[in-house]
Amino acid sequence: MVLAQGRFWRASVRKGSLAVTLSILRESLPEDLEEVRTLKIEVPFEDWHRVVRHVRSDRKLLGGILLDFAKNKDLLTVAVGSDRLFLALQRVVHDATMALVEGGVLTLVPRATET
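Here's what I pulled together on the structure shown here. It should be emphasised that the depicted structure is a prediction, and the values quoted were computed from it without experimental measurement.

Rules used in this analysis
- Residues numbered from 1 in each chain as written.
- Predicted model: local features only at pLDDT ≥ 70, side-chain atom pairs only at ≥ 80, totals over all residues.
- Heavy atoms only, no water.
- Pairing = 2+ DSSP bridges.
- Helix = DSSP H or I, 4+ residues; strand = E, 2+ residues; numbered from the N terminus.
- Axes fitted to C-alpha atoms, helices over the stretch in contact; angles between N-to-C directions.
- Contact = heavy atoms within 4.5 Å.
- Salt bridge = Lys/Arg side-chain N within 4 Å of Asp/Glu carboxyl O.
- Buried < 20%, exposed > 50% of the residue type's maximum accessible area, 1.4 Å probe, protein only.
- Parallel < 35°, antiparallel > 145°, perpendicular 65-115°, else oblique.
- Nonpolar A, V, L, I, M, F, W, Y, C, P; charged D, E, K, R; others polar.

### So, the pairing of strand β1 (residues 2–5)
For β1 and strand β2 (residues 9–12), the ladder comprises three bridges, and the chain directions are antiparallel. Bridging across to β2, A4 finds its partner in A11. Between the antiparallel neighbours β1 and β2 lie three residues.

The following block contains the structure:
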């Protein structure tokens, strides 16, 4: 099931899976980014909050988190280093999160405040 899709990225969940798969849309890649066409990142639902928490922060921090889940770690650095791919990734993660919340797979809870 496709959760979100942008120009360069797709976020999906396979039936029975407990993870979101972030993959590159090969047909839309410009020639200078062809090398990342096989990149896939499988983020378990239980770790999705780590991605969401840092999706709008520094690209190195988000890239470091995604390294834990990427199958082709060397390709991830190229993808996160590209402004076009990074901005598209941010949008797809945001849209996928909304789809997961709307579908009841994830719930939003307030962060505990320190006293």
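Continuing now.
### Section: the sheet that holds strand β4 (residues 40–44)
Strands belonging to one sheet form pairs held by backbone hydrogen bonds; the direction of such a pair is parallel or antiparallel. Pairing is antiparallel in the open sheet, where four strands are placed in the order β1-β2-β3-β4. Whereas interior strands pair on both sides, the edge strands pair on one side only; in this sheet they are β1 and β4. If you compare each strand with its neighbour and ignore which way they point, the axes differ by 20° on average. On top of the sheet, helix α4 (residues 83–102) reaches β1, β2 and β3 (19–24); it is set at about 145° to β1, its chief contact.

### Points about the pattern of salt bridges
On inspection of all chains with the given rule, the structure shows five salt bridges. In this structure, the salt-bridge partner of R84 is D32, at a minimum N-O distance of 3.0 Å. Residue R84 is located in helix α4, and its partner D32 is located in the loop between β3 and β4; the two are separated by 52 residues in the primary sequence. Looking at R84, the relative accessible area reads 39%, which means it is partly exposed. Of the charged contacts in the structure, one is a salt bridge between R50 and D68, with a shortest N-O distance of 2.8 Å. Placement of R50 in helix α1 (residues 48–54) and of D68 in the loop between α2 (59–67) and α3 (73–81) is noted, with a sequence separation of 18 residues between them. Residue class for R50 comes out partly exposed when judged on its relative accessible area of 27%. Through salt bridges with shared partners, a single ionic network connects R14, E42 and K71.

### Looking at the packing of α2 against α4
For the pair α2 and α4, interaxial distance at closest approach is 12 Å and the crossing angle is 70°. The orientation of α2 relative to α4 falls into the category roughly perpendicular. Of the residues in α4, those in contact with R59, L62 and L66 of α2 are D83, F86 and L89. Here the contact of α2 with α4 is composed, by residue class, of four nonpolar, no polar and two charged.

This is a description of form; function is not addressed.
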